[in-house]
2 protein chains.
Amino acid sequence: MFERTSRFGFHLINETRSRVRISEGAYDNNGHLQSEAIDRAISALSQFLIIARSYKTHKILCVATSAVRDAPNKKYFLKRVEKELGLKIKVIDGKKEAWLGGVAAANLLPITDGITIDIGGGSTELALIQNRRIVETFSLDIGTVRLKELFFDKKLPIEDAKEYINHTLAKLPETFKSKQAIGIGGTIRAIAKAIMQRNEHPIEKVHAFSFSIKDEGKFIQKVSQSPIMKLKKIGIKKDRLDTIRPGALIFWNLLEKIGAQNVISSGVGVREGLFLSDLLRNSNHLFPHNFNPSVRSLQDRFSIDTKLAANISSTAEAIFNALQEPFKLPNDAKKHIKIAAKLSQIGIGLDFYGYHKHSAYMIMNNLNYGFTHEEMILIATLIRFNKRRLPKNSFTRPYKKLLPDDKTLSWLSYIVSLSQTIHFSREKGKVSVTYKNGVLNIDTPFDNYLAKERIKELEKPASIAILFS
Amino acid sequence: MFERTSRFGFHLINETRSRVRISEGAYDNNGHLQSEAIDRAISALSQFLIIARSYKTHKILCVATSAVRDAPNKKYFLKRVEKELGLKIKVIDGKKEAWLGGVAAANLLPITDGITIDIGGGSTELALIQNRRIVETFSLDIGTVRLKELFFDKKLPIEDAKEYINHTLAKLPETFKSKQAIGIGGTIRAIAKAIMQRNEHPIEKVHAFSFSIKDEGKFIQKVSQSPIMKLKKIGIKKDRLDTIRPGALIFWNLLEKIGAQNVISSGVGVREGLFLSDLLRNSNHLFPHNFNPSVRSLQDRFSIDTKLAANISSTAEAIFNALQEPFKLPNDAKKHIKIAAKLSQIGIGLDFYGYHKHSAYMIMNNLNYGFTHEEMILIATLIRFNKRRLPKNSFTRPYKKLLPDDKTLSWLSYIVSLSQTIHFSREKGKVSVTYKNGVLNIDTPFDNYLAKERIKELEKPASIAILFS
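For clarity, every value in this text was computed on a predicted model and none was experimentally measured. (Residues numbered from 1 in each chain as written. Chains lettered and ligands numbered in written order. Predicted model: local features only at pLDDT ≥ 70, side-chain atom pairs only at ≥ 80, totals over all residues. Heavy atoms only, no water.)

Chemist: Whenever I open this one, the packing of aromatic side chains confuses me. Can you help?
Modeler: Aromatic rings in a pair are described by how distant their centres are and how their planes are angled relative to each other. Evaluation of the coordinates by the stated rule reveals 37 aromatic pairs over all chains. Relative to phenylalanine 395 of chain B, the ring of phenylalanine 385 of chain B has its centre 5.3 Å away and its plane inclined at 75°; by these criteria the two rings are edge-to-face. Here phenylalanine 395 of chain B lies in helix α17 (residues 393–396) and phenylalanine 385 of chain B lies in the loop between α16 (373–384) and α17, a separation of 10 residues in the sequence. The class of phenylalanine 385 of chain B is buried, set by a relative accessible area of 4%. Following the ring pairs from residue to residue traces out a cluster consisting of Phe2, Phe8, Phe10, Phe275, Phe287, Phe291 and Tyr369 of chain A. A cation over a ring is seen here: arginine 426 of chain A above tyrosine 55 of chain B, with NZ or CZ 3.6 Å from the ring centre. (Phe/Tyr/Trp six-rings, centres within 6.5 Å; stacked < 30°, edge-to-face > 60°. Helix = DSSP H or I, 4+ residues; strand = E, 2+ residues; numbered from the N terminus. Buried < 20%, exposed > 50% of the residue type's maximum accessible area, 1.4 Å probe, protein only. Lys NZ or Arg CZ within 6 Å of the ring centre and 35° of its normal.)

Listed below in structure tokens is the structure:
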């Protein structure tokens, strides 16, 4: 369930799953859905509808994928659902499924190019993304459950499974080549989580976690070949133990096939793609350039004064422009400074005292889409230390490998603090900034009594003078 | 700046201070406010007005206390402010000041009886509270700055200062006796913070922190007698070093005079009292019985479905009633369970994933008023573990001395989890609960497909059976 907060701003307000196991018993019956499984599905859907109605949902999008798509008796199931619940389920084909995953990835991950890989129980979907556009999709008839039943359950040699996979992979068009793989779905998420754990990755989010094949390729192969008893030890969660090995095998062979060097894992997939395909139906299924739905949604929900936030952000940009050259600040940091300044006040919506901490907490937990983990922790750090003090080691230490060097970080933090302090009395107006011979000259169209009182208390990364003119 | 969220719900959205030092130089000039100090005050007030206007404030309440009250040239100052800023400052007397502190304490602290002590620079205000009512107020002509200048700066023996204090305290009516002292203002806040630090108190909030004279009386006396160099070492912050010793001396003598055995420190005072005296002007300056402004404000701001929250809360109460006797649960825990159930979903407003963590974070940072620290951490813990697992030691360990025993905590936590799970499909209706022979019987007027699926996964504090009828 997504709540729209503005034209393109949205956030998730409910996600309910039910382990329906719709295909239980189907494989033994030529893919026919069994009546108990259908009953379970109807019970679950009926409660989903109650939940949807409790939120006064405007629109319900309902799709079915491989298990239903392949069932000879799907019509019976779909008709029962329509008759008993008044709900129309749309059965989508593999290419559409791949496309939806692609839409989610292209809009909600910090990538512009790559190939999405969504490994399901019966099929695996791929979408080729170039310059944020989905240029091709493909669906392969290999999946974790299928492989498990055909090879792993029968204890056949792993070579047989590999041969089967490669036989299927041969059908993949040669255009599907990319250094960047994008991992969608439960199997790859479980593998990514295990990799995060073994590397003591300091951020718990699986969305946008990125790793290289060079570093982790061996581990993925190991997962595909480990005895079930050992899987838990290497970080695989209980509910994935039965299908992770065939999943990892498909994943690894696909990575080799497309020539991937890096993987970014996705917390979003078909569901989010479905929502976005509706939200963005009149804008070529892409968010506007430089638009970020998480930043917007945080502002929509928690900014007390959006115009002031935008003004603080412009001031931060002006200070950055003045200081970038003399202090050798990295180009792309301008973007992060601007966002940090813009979101610096959102924590007030929770509690005024220590709001910079709350703003940082909110960023760490809700700046979900479109940023790398490096960007997320940088923005959070700049917000966390936007008051008197520069970032402290006790805070940044766990994130060291994701953050810029201390000197750069200090400067970026100081710029955000300074821009916030300049607008301490909440006055708006264009602020001009120049830097010359150790003096930062700030020209504002408003009075600065409170700002001057506070600027003295800001910890500086180097001894520069501040002058108001 | 307070924002109203409903009839009695409110939260702080801005607090701006400026160190105007309005009385600087006044003591050397028979209390006359000096022109530089007046200029500073006018500059600061002018910026305060800009801030107030930027929020489109409906009402500005502006009062002055001792320094202005005692100044022979106050009219000149007040007229300048009115002429230049269009702002009318109301000079309040000591009794009114004491009353405002009392209103804040009686409404926003977990107390019904006690004496507020607000030690200022020139005077000290007291309000006697009985059964949430202010029955008497008093203003004493002793303050930190006054004492500092009369005795400490002149390096006179501390006995002289004590004699002076006791002479003044003799004027305090004999009715001012209470076991419960309520500490208001910067001096007592600084002492409370030092006490929290030396006891490694696990919650950072000074508001509602409570300590006994038996344990901390010696420390308060020590503060009044320490050389300035040593004050920092015992936890006194820099900006208080000059006035903390006379402050602690007044505080200690007052505690003895009123016969206090316990102190609760307050983060609120005259400012909040002023706001409340306006908000509650038609309700006898008291919130309605059983009304808590923080709970209401959190609900107003973050509850997606208030009626559902109330229903989950009633269900929690029904389960508590059924289990209280067999498992010997403490009476007053019912209140905490109900609030935890009611606020369990507020974290969704921030982010759906892991929302129980966000709800707990929000409680720890915004359940400001009317609860003890013990209650706050209990409610937060019940919310933090309202999903599958019972409270973990790794989370509760730092708060051990503030929380109930593990077994009780497990039961309370389970009750909140269970009530939330029963309403998993967000359906409303009266839930009846009985417990007999190890079986908890739950009778709901709605279907429970999803609840049943999830109840199995809840970690239980003891092996009881759950039956839906």
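That was the structure; now back to the text.
Chemist: What is the right way to look at the pattern of salt bridges in this model?
Modeler: Opposite charge on two side chains makes pairing possible when the charged atoms of those side chains draw close. Residues and elements named next belong to chain A. Following the criterion strictly, the structure yields 50 salt bridges over all chains and no others. One salt bridge connects glutamate 375 with lysine 335, and the closest N-O pair in it is separated by 3.1 Å. Residue glutamate 375 is found in helix α16 (residues 373–384), and its partner lysine 335 is found in helix α14 (residues 333–343); the two are separated by 40 residues along the sequence. On the basis of relative accessible area, lysine 335 is assigned to the partly exposed category, the value being 42%. Connected via shared salt-bridge partners are Glu15, Arg17 and Arg271. (Salt bridge = Lys/Arg side-chain N within 4 Å of Asp/Glu carboxyl O.)

Chemist: What exactly am I supposed to notice about the environment of arginine 245 of chain A here?
Modeler: Residues and elements named next belong to chain A. Mapped onto the elements of the fold, arginine 245 is located in helix α10 (residues 244–258). The class of arginine 245 is buried, set by a relative accessible area of 18%. Once the C-alpha coordinates of arginine 245 and lysine 232 are considered, the two residues, 13 residues apart in sequence, prove to be 12 Å apart. Once residues lying within four places of it in the same chain are set aside, the contact partners of arginine 245 are Phe152, Val223, Ser224, Ser226, Pro227, Ile228 and Leu231. (Contact = heavy atoms within 4.5 Å.)

Chemist: Would you mind going over the interface of chain B and chain A with me for this structure?
Modeler: Accessible area lost during the coming together of the parts is what is often quoted as the interface size. In this complex, chain B contributes 47 residues to the contact, which on the side of chain A involves 47 residues. Across the chain B-chain A interface, the total number found is zero salt bridges. Our count for the contact surface shared by chain B and chain A stands at 27 residue pairs in polar contact (both at pLDDT 80 or more). Residue assignment for the side of chain B that touches chain A shows that the elements contributing at least two residues are β2 (10–12), α1 (35–54), α12 (293–302), α15 (355–366) and α19 (449–455) of chain B. Residue composition of the side of chain B that touches chain A, by class: 18 nonpolar, 14 polar and 15 charged. (Polar contact = N/O pair within 3.5 Å; in protein donor to acceptor, adjacent residues only side chain to side chain. Nonpolar A, V, L, I, M, F, W, Y, C, P; charged D, E, K, R; others polar.)

Chemist: I'm lost on the sheet that holds strand β12 (residues 439–443) of chain A in this one. Help?
Modeler: Whether parallel or antiparallel, the strands of a sheet pair through hydrogen bonds between backbone atoms. Residues and elements named next belong to chain A. As summarised here, the arrangement of the three strands in space is β11-β12-β13, forming an open sheet in which the pairing is mixed. Either end of the sheet is taken by a strand with one partner, and the two such strands are β11 (432–436) and β13 (465–468). Going across the sheet, the axis of each strand differs from the next one's by a mean of 20°, ignoring polarity. Of the strand pairs in this sheet, β11 and β12 are connected by five bridges, and their pairing is antiparallel. Opposite serine 432, over in β12, you have aspartate 443 as the bridge partner. Along the sheet, helix α13 (residues 306–323) contacts β11 and β12; its crossing angle with β11, the most-contacted strand, is approximately 20°. (Pairing = 2+ DSSP bridges. Axes fitted to C-alpha atoms, helices over the stretch in contact; angles between N-to-C directions.)

Chemist: Even after reading the chapter, I still don't get α10 of chain A, so can you show me in this structure?
Modeler: In an α-helix, one full turn covers 3.6 residues, which means residues spaced three or four apart are oriented alike. Residue and element names in this part refer to chain A. Here α10 is 15 residues long and its end C-alpha atoms lie 21 Å apart, about the 21 Å a rise of 1.5 Å per residue gives. The buried fraction of α10 amounts to 13 of the 15 residues, a majority that puts the element mostly inside the structure. Looking one or two residues beyond α10, the residue adopting positive phi is glycine 259, at roughly 75°. (Expected span 1.5 Å × (residues − 1).)

Chemist: I would appreciate a short explanation of the relation of the copies chain B and chain A in the present structure.
Modeler: For the pair of chain copies, the relating transformation is a rotation about an axis with a translation along it. Rotating chain B by 180° about the axis while translating it 0.0 Å along that axis superimposes it on chain A, leaving an RMSD of 0.0 Å. The two molecules are tied by a two-fold rotation axis, judged by turn and shift. Most of the interface of chain B is mirrored in chain A, where 100% of its interface residues again form contacts. (Least-squares fit on C-alpha atoms with pLDDT ≥ 70 in both.)

Chemist: Is there a simple way to explain the side chain of histidine 373 of chain B in this structure?
Modeler: Residue and element names in this part refer to chain B. Its place among the elements puts histidine 373 in helix α16. You can call histidine 373 buried: its relative accessible area is 2%. Apart from residues lying up to four places away in sequence, histidine 373 is in contact with His201, Ile203, Lys205, His207, Ala208 and Phe209.

Chemist: Explain the domain arrangement of chain A here, please?
Modeler: Residue and element names in this part refer to chain A. Assigned domains within chain A: domain 1 (2–91), domain 2 (94–273) and domain 3 (293–468). Using C-alpha coordinates to define each centre, domain 2 is positioned 38 Å away from domain 3. Listed per partner, the contact involves 12 residues of domain 2 and 16 residues of domain 3. Both faces combined, the contact of domain 2 with domain 3 buries some 1200 Å², and carbon together with sulfur accounts for 67% of it. When the buried surface of domain 2 facing domain 3 is broken down by residue, Pro202, Ile203 and Lys205 rank first, second and third, together holding 47% of it. Summed over the shared surface of domain 2 and domain 3, the result is zero salt bridges. Linking domain 2 with domain 3 are six residue pairs in polar contact (both at pLDDT 80 or more), by the criterion used here. (Domains from an automatic or database assignment. Buried area = accessible area lost by both parts, 1.4 Å probe.)

Chemist: Where do I start with unusual backbone geometry in this structure?
Modeler: Leaving glycine aside, a negative phi is the common case for residues, and trans is the common case for peptide bonds. Residues and elements named next belong to chain B. One non-glycine residue, lysine 56, adopts positive backbone phi at about 55°. Examined against the element boundaries, lysine 56 turns out to sit in the loop between α1 and β3 (63–64). For lysine 56, a relative accessible area of 70% gives the class exposed. In this structure, asparagine 290 takes a positive phi of about 65° despite not being glycine. Along the chain, the position of asparagine 290 falls in the loop between α11 (270–279) and α12.

Chemist: Just to check I follow, could you spell out the UniProt feature "domain: Ppx/GppA phosphatase C-terminal" (unreviewed entry) in chain A for this structure?
Modeler: Taking the UniProt record as the reference, the feature "domain: Ppx/GppA phosphatase C-terminal" (unreviewed entry) is found at residues 294–430 of chain A. Secondary structure content for residues 294–430 of chain A is 61% helix and 0% strand, and the end C-alpha separation is 26 Å. (UniProt positions renumbered as here; feature names shortened; annotations may be inferred.)

Chemist: Would you mind showing me how to read helix α12 (residues 293–302) of chain A here?
Modeler: Across the 10 residues of α12 of chain A, eight count as buried, placing the element largely inside the fold. The complete set of buried residues in α12 of chain A reads Pro293, Ser294, Val295, Ser297, Leu298, Gln299, Arg301 and Phe302 of chain A. Buried residues in α12 of chain A make contact with β2 (10–12), α4 (94–108), α13, α14 and α15 (355–366) of chain A together with α12 of chain B.

Chemist: Sorry if this is basic, but what is going on with the environment of glutamate 82 of chain B here?
Modeler: Residue and element names in this part refer to chain B. Of note, glutamate 82 is situated in helix α3 (residues 74–85). Accessibility expressed as a relative area gives 38% for glutamate 82, which makes it partly exposed. Discounting chain neighbours no more than four positions away, the residues touching glutamate 82 are Leu87 and Lys88.

Chemist: Quick question: what am I supposed to make of the side chain of asparagine 366 of chain B here?
Modeler: Along the chain, asparagine 366 of chain B turns up in helix α15. Within the local environment of asparagine 366 of chain B, its side chain forms a polar contact with the side chain of aspartate 351 of chain A, the two groups lying 2.8 Å apart. With sequence-adjacent residues up to four places away left out, asparagine 366 of chain B is seen in contact with Leu350 and Asp351 of chain A together with Lys205, Ser294, Leu298 and Arg301 of chain B.

Chemist: What am I meant to see in the pairing of strand β7 (residues 133–140) of chain B here?
Modeler: Residues and elements named next belong to chain B. In this structure, strand β6 (residues 124–130) lies alongside β7, joined through seven bridges in antiparallel fashion. Looking across to β7, one finds that leucine 128 is bridged to glutamate 136. With antiparallel pairing between neighbouring strands as the criterion, β6 and β7 make up a hairpin whose turn holds two residues, including asparagine 131 at a positive phi of roughly 50°.

Chemist: What is the right way to look at the nonpolar core in this model?
Modeler: Soluble globular proteins tend to bury their nonpolar side chains together. One finds Leu440 of chain A together with Leu440 of chain B to be the most contacted residues of the largest nonpolar core, which totals 116 residues. Aside from chain neighbours lying at most four places away, what touches leucine 440 of chain A is Ile319, Ala322, Leu323, Leu418, Val433, Thr434, Tyr435, Ile464, Ala465, Ile466 and Leu467 of chain A. (Core = buried A, V, L, I, M, F, W, Y, C linked by side-chain atoms within 4.5 Å.)

Chemist: Would you take a moment to explain the packing of helix α5 (residues 144–152) of chain A against α10 of chain A for this structure?
Modeler: Packed helices, taken two at a time, are described by the angle their axes make and the gap between the axes. Residues and elements named next belong to chain A. As a packed pair, α5 and α10 sit with axes 8 Å apart at the nearest point and diverge in direction by 105°. Looking at the two axes, α5 sits roughly perpendicular to α10. Contacts between α5 and α10 involve Thr144, Leu147, Lys148 and Phe152 on the former and, on the latter, Arg245, Pro246, Gly247, Leu249 and Ile250. Across the contact of α5 with α10, the residue classes break down as five nonpolar, two polar and two charged. (Parallel < 35°, antiparallel > 145°, perpendicular 65-115°, else oblique.)

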